[in-house]
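# Residue-level structural notes
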Amino acid sequence: MKDRRPLDLRLLPTALSAWAAGLAAVHLEWGQALQLGWTLVLAGALLTATACLLNRLVADVVPLHVLLCCVVAGLVALTAGAQGRELSDRGWEEAVQSEAPVTVTVRIMGQPRTLVGTGFDGEDQVLAQAVVEQAQWPGESAPTLVDAPVVILAAATEDEEPFTAGHRYQGLVRLSPTDPGERASAMVFPFGEDLTRIPTDDRSEIADIFNRLRAGTAEASAHALGDAPALLPGLILGDRTRQDADLSEAMREAGLSHLTAVSGANCALVMGSLMGLVRLLRLPRWSTVPVALLGLVLFVFLVHPEPSVIRAGVMGSISALALFAGRGRSAFSLLCVCVVGLLIMDPFYAMEPAFQLSAAATAGIVIVGTRIKERLERLMPAWIAAPLALAFSAQLFVIPVLLPLSGGVNTYAVPANLLAAPFVPFVTVPGTFAAIISTVLPWAAIVILWCSGLAAACLGLIGRAVASLPQALAPWPQEGLGVALTVLYLSAAVILGIGLVGGFRRWHAPVFAAAAGGMLAVVLPAAVLVSPELPAAWRVALCDVGQGDMLVVRTQESAGIVVDAGEDPSLAEACLAQLEIQTVEALLVTHEHRDHYGGVEGVIAKDEPDMVLYSASEEWDLDVESAAIAGLPPSVAVHRARPGDTLAYTEQLTVRLRVWSADTHHAEANDNSLVAFFEISDPELPPGVVGSAQDPLTLLTTGDMEEEAAAAMIRGKGLPAEVHLLKVAHHGAANGGTELLQATRPEVALIGVGEDNSYGHPGASILRALEDLGAAVYRTDIHGTVVIGADRDGLEASTLP
């Protein structure tokens, strides 16, 4: 007989209270967090005293629940406040706010990541999680113990990795504050040379043992087939550094990226395997738990003892131990205990997407997974129903968490995970064993990982195939409509959970129908059913080329002027194809940073421009630095722009271009940006309409010009009388200033910026200034490629998928 006892949800309010307190406390100043914590604890104590006086503490469970919620939430807030106060007492908070140079000793806490082309001049950078163990303040003779979590951003080196996990480094750095709610207390930027490694200690030597195992695993994986060399380190150890951008994006769009991150499932699998080994060897039953826990600790060190890995270890160990103890029915209570314990230990877990996804997926499986499986078994074999129910119940609960992270719905995540599930154990279990022996028996590790690589290669094929399907990642609506759909989806998910556990009611059907209709409208928009058409009257396009700039000004039906080309040639070429541009009349490069000229090869691949005009520092030459430009035939003129240079095109549309500024003497390359003013008109539009011959559509492009140079240009050269469209300088960075915005007062502001870029572009001050001016703001990180049209009805902006 099946167990129909109601799910034990008694600890759910406590877990939610702890989570809410964590979210609030990490965004507060440490003094406010302490006040919040003591207020909650005192409120719980007052409630307890009141209930005792009324003799209802034992008779009524409500006061007990409220007391527990208050005390637990208070402890979480007190932990956050205590951590902040400790850093403040040691002088760290003041040092971060002052941004003065500080000599620090840091220990690298995880695998450093290489950020390709994110630095100035397009150089690679390295991002590393670390802890500042000591800091020596200016004027002090001795260092101070700090113990502050930070993020280091340093220039990458070609010959070797600048940082090694577990080791300590020392040097002079600049500190920059992070946003409230971030675990890292500061961004660390080394001055001059990279941080210098200092002599190893016991922790470094232990870390080196596991570093060699990780390196050996990656080296042994290199012999596998297909995508396996890149996926195996991630599937086994959570190391994604060998995945290229295409593979990572494919796994993300397919809803499979969680497979290459260490999760509670990995840890539970390790412990379960060890428990099975203990039984197979017929060891005493009491040894099962110590062996499993010891194995888990070693696995955590092998992967990297980062907060996310520790979280996964705790979640996985509780799951495995619950099954060992025969307490599977208490899984939800154990999940709540795990959430509460982790938040009391570290309130910043409340902000971590991995923690949110792990808790949501586990809750989905526990609450509705079994009931979904039972219903599916009526329609299909149990061996299909079980994994399908697991994937569906987990996906049902994680979608609300994924929406703000991915900006869309993974349309095929359930079938993709169903297809992937049979291959995962053939990678993780033998792969972990191969990692352990990779330095002692490398030949054996190669053989094992080659075999496991067959399964990993299949996972790569599944990810790429699913990502290639239409609407694999369906964009979620923005602003009010998106919020309304999210609320509707959550309501339907809650009702589905209640219905599966306690039975459905007649009024549930309309909610399900509305939610299903909303999701269908997102997943199958009209753009999928009917190919999106390029607006016939488009005049200017802002191309989505990631963290870079590229604009196209249309001159004829299939011709235009290209201003900058981003950094990726493939993205530049794809944008021109999307805009149906066959002829490039002219190519303008505003200055010498790669995020503006690196993609010119893609432009030239589409069509050789008739001419190339650029601005840069005096010692920099485009035809020397760019092989694509150097390879142009002599008939293509390549020369520096000069203020006052003009171009005119009158074939179909009338487009006039004037170089407004093109300096060469500034020490900062951004300030030498080519500033161009365009007047675009259609002789067929009636007088008085923007874009007509009498009132041309105007566009001002500003490259990456910064605030002081912009102010000097305004004082010296002035500005055009009217600007309808403004390409905001420097991807909307705060150092572009607001004077140019206020002087031009554009109707439309265009910002080319990469999604989740490490620079914090666009700056809040720029966005506020544009909002105050009433400008319509279009950003490539949010809107993708944007085209501006001008017809009899006025200006109209459209986005292209």
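Residues numbered from 1 in each chain as written. Predicted model: local features only at pLDDT ≥ 70, side-chain atom pairs only at ≥ 80, totals over all residues. Heavy atoms only, no water.

### Some remarks on the overall build of the protein chain
Helix and strand content of the protein chain: 28 helices and 24 strands. Counting all 801 residues of the protein chain, 49% fall into the buried class. Put simply, of all contacts in the protein chain between residues at least 6 apart along the chain, 70% involve residues at least 24 apart. Accessible surface for the protein chain amounts to roughly 37000 Å². Of this, 60% is attributable to carbon and sulfur atoms. (Helix = DSSP H or I, 4+ residues; strand = E, 2+ residues; numbered from the N terminus. Buried < 20%, exposed > 50% of the residue type's maximum accessible area, 1.4 Å probe, protein only. Contact = heavy atoms within 4.5 Å. Areas by Shrake-Rupley, 256 points an atom, 1.4 Å probe, with all protein chains shown as cover.)

### Re a nonpolar patch on the surface
On the surface, Leu277, Leu280, Leu281 and Leu283 cluster together into a nonpolar patch covering about 410 Å² of accessible area. One can find Leu280 in helix H8 (residues 264–280). (Patch = residues over 30% accessible without salt bridge, like charges linked within 9 Å, V, L, I, M, F, W, Y side chains within 5 Å. Salt bridge = Lys/Arg side-chain N within 4 Å of Asp/Glu carboxyl O.)

### With respect to the sheet that holds strand S22 (residues 776–779)
With mixed pairing, seven strands are arranged side by side in an open sheet as S16-S17-S18-S19-S20-S21-S22. Edge strands, defined here as strands with exactly one partner in the open sheet, are strand S16 (646–649) and S22. The mean inter-strand angle of the sheet, taken between neighbouring strand axes irrespective of direction, is 15°. In terms of strand pairing, strand S18 (residues 675–681) meets strand S19 (residues 697–701) through five bridges, oriented antiparallel. What sits directly across from Phe678, in S19, is Leu699. (Pairing = 2+ DSSP bridges. Axes fitted to C-alpha atoms, helices over the stretch in contact; angles between N-to-C directions.)

### Quick notes on the packing of aromatic side chains
This structure, assessed with the given rule, holds five aromatic pairs. Between the aromatic rings of Tyr597 and Trp620, the centroid separation amounts to 5.2 Å while the plane-to-plane angle is 65°, which identifies the pairing as edge-to-face. Here the residue Tyr597 occupies a position in helix H21 (residues 594–597), and Trp620 occupies one in the loop between strand S14 (611–614) and helix H23 (622–625), the gap between them amounting to 23 residues. Of the two residues, Tyr597 and Trp620, neither departs from the other in class, the shared state being buried. Taking 6.3 Å as the distance between ring centres and 75° as the angle between the ring planes, the aromatic pair formed by Tyr614 and Trp620 counts as edge-to-face. Classification of Tyr614 as buried rests on a relative accessible area of 4%. Counting every residue linked through ring pairs, the aromatic cluster contains Tyr597, Tyr614 and Trp620. Looking at Arg183, its charged tip hangs above the ring of Tyr349, at a distance of 5.1 Å from the centre. Just above the ring of Trp660 sits the side chain of Arg658; from NZ or CZ to the centre is 4.5 Å. (Phe/Tyr/Trp six-rings, centres within 6.5 Å; stacked < 30°, edge-to-face > 60°. Lys NZ or Arg CZ within 6 Å of the ring centre and 35° of its normal.)

### What about the nonpolar core?
In this structure, Leu232, Leu235, Ile236, Leu256, Leu259 and Val427 are the most contacted members of the largest nonpolar core, which totals 35 residues. Only helix H5 (202–221), helix H6 (228–237), helix H7 (245–254), helix H9 (288–303), helix H14 (413–420), helix H15 (425–437) and helix H16 (442–467) provide two or more residues apiece to this core. It is H16 that provides the largest number of residues to this core, a total of nine residues. Residues within four places of Leu232 in sequence aside, it is in contact with Ser221, Ala224, Leu237, Val427, Leu449, Ser452, Gly453 and Ala456. (Core = buried A, V, L, I, M, F, W, Y, C linked by side-chain atoms within 4.5 Å.)

### Quick look at the confidence of the model for the protein chain
Confidence along the protein chain averages 80 in pLDDT terms, with 78% of residues attaining 70 or more. Overall, residues 526–531 carries pLDDT values under 50, and its contacts beyond four positions in sequence, including any with other chains, amount to three contacts. (pLDDT = per-residue confidence, 0-100.)

### What about the sheet that holds S14?
Taken together, the eight strands give an open sheet; going across it, the order is S15-S14-S13-S12-S11-S10-S23-S24, and neighbouring strands pair in mixed fashion. For this open sheet the edge positions go to strand S15 (637–640) and strand S24 (794–800), each flanked by a neighbour on one side alone. Each strand of the sheet is rotated relative to its neighbour by a mean of 20°, with strand direction disregarded.

### Digging into empty space enclosed by the protein
Summed over the entire model, instances satisfying the criterion amount to one cavity of 30 Å³ or more. Of the voids in this model, the largest cavity is the one considered here, and its volume is about 60 Å³. What lines the largest cavity is Thr702, Leu726, Lys727, Val728, Ala729, Gly732, Ala733, Gly736, Gly737, Leu740, Leu741 and Ile766. At the level of elements, strand S20 (725–727) and helix H26 (739–744) are the ones that each hand at least two residues to the lining of the largest cavity. A per-class count over the lining of the largest cavity returns seven nonpolar, four polar and one charged. (1 Å grid on protein atoms, 1.4 Å probe; cavity = no way out; pocket = protein on both sides within 12 Å on 5 of 7 lines; lining within 4 Å. Points joined across faces, edges and corners; volume = space filled by probe spheres on them. Nonpolar A, V, L, I, M, F, W, Y, C, P; charged D, E, K, R; others polar.)

### Details of the side chain of Asn670
Relative to the helices and strands, Asn670 resides in the loop between strand S17 (654–661) and S18. Side-chain polar atoms of Asn670 contact the side chain of His593, separated by 3.0 Å. If sequence neighbours within four positions are ignored, Asn670 has contacts with His591, His593, Asp704, Met705, Glu706 and His730. (Polar contact = N/O pair within 3.5 Å; in protein donor to acceptor, adjacent residues only side chain to side chain.)

### Description of the pattern of salt bridges
Close approach of charged atoms allows side chains with opposite charge to pair. Within this structure, the stated rule accounts for nine salt bridges. Across the pair Lys727 and Asp549 runs a salt bridge, and its minimum N-O distance is 2.6 Å. With Lys727 in strand S20 and Asp549 in the loop between strand S10 (538–542) and strand S11 (551–556), this pair connects stretches of sequence that are 178 residues apart. The same class applies to Lys727 and to Asp549, which are both buried.

### Observations regarding the pairing of strand S23 (residues 785–791)
Counting buried positions over the seven residues of S23 gives six, a clear majority of the element. The pairing of S10 with S23 spans four bridges and is antiparallel. Residue pairing for S23: Trp538 is matched across the bridge by Gly789. Both S23 and S24 contribute to a ladder of seven bridges, which runs antiparallel. Looking at the pairing, Asp791 lines up with Gly794 of S24.

### Some points on the packing of H6 against H16
Contact pair H6 / H16: the axes reach a minimum separation of 9 Å and the direction vectors enclose 100°. Considering their axes alone, H6 and H16 lie roughly perpendicular with respect to each other. Counting all contacts with H6, which are made through Ala228, Leu231, Leu232, Leu235 and Ile236, the residues of H16 involved are Leu449, Ser452, Gly453, Ala456, Ala457, Leu459 and Gly460. Residue composition of the contact of H6 with H16, grouped by class: nine nonpolar, three polar and no charged. (Parallel < 35°, antiparallel > 145°, perpendicular 65-115°, else oblique.)

### Digging into the side chain of Thr555
Secondary-structure assignment places Thr555 in strand S11. Polar side-chain contacts of Thr555 include one of 3.5 Å to the backbone nitrogen of Gly560.

### Description of the packing of H15 against H16
Running from N to C, H15 and H16 cross one another at 160°; their axes reach a closest spacing of 9 Å. One finds that H15 runs roughly antiparallel with respect to H16. Handedness of the H15/H16 crossing: left-handed. Here Phe426, Val427, Pro430, Gly431, Phe433, Ala434 and Ile437 of H15 lie close against H16, whose contacting residues are Pro442, Ala444, Ala445, Ile448, Leu449, Ser452, Ala455 and Ala456. Residues belonging to the contact of H15 with H16 are distributed by class as follows: 13 nonpolar, two polar and no charged. (Left-handed = near helix turned anticlockwise from the far one by under 90°.)

### Here we look at the pairing of S17
By the criterion of burial, S17 is predominantly enclosed, with six of the eight residues buried. Here S16 runs beside S17; their pairing, made up of four bridges, is antiparallel. Across the sheet, the residue bridging to Tyr649 is Val655, located in S17. Taken together, S16 and the strand that follows it, S17, pair antiparallel across an intervening segment of four residues.

### Some details on helix H20 (residues 569–578)
Buried within H20 we find Ala572, Cys575 and Leu576. All buried residues of H20 project into a common sector of 95° when viewed along the axis, lining one side. Where H20 is buried, its residues meet S11, strand S12 (559–563), strand S13 (583–589), helix H22 (600–606) and S23. (Arc of directions from axis to C-beta.)

### Looking at the state of the cysteines
Per the stated rule, a full pass over the model turns up one disulfide. The residue that forms a disulfide with Cys543 is Cys575, at a sulfur-sulfur distance of 2.0 Å. Since a negative S-S torsion denotes a left-handed disulfide, the Cys543-Cys575 link at about -75° is left-handed. Separated by 32 residues along the polypeptide, Cys543 in the loop between S10 and S11 and Cys575 in helix H20 bring together distant segments of the chain. (Disulfide = S-S within 2.5 Å.)

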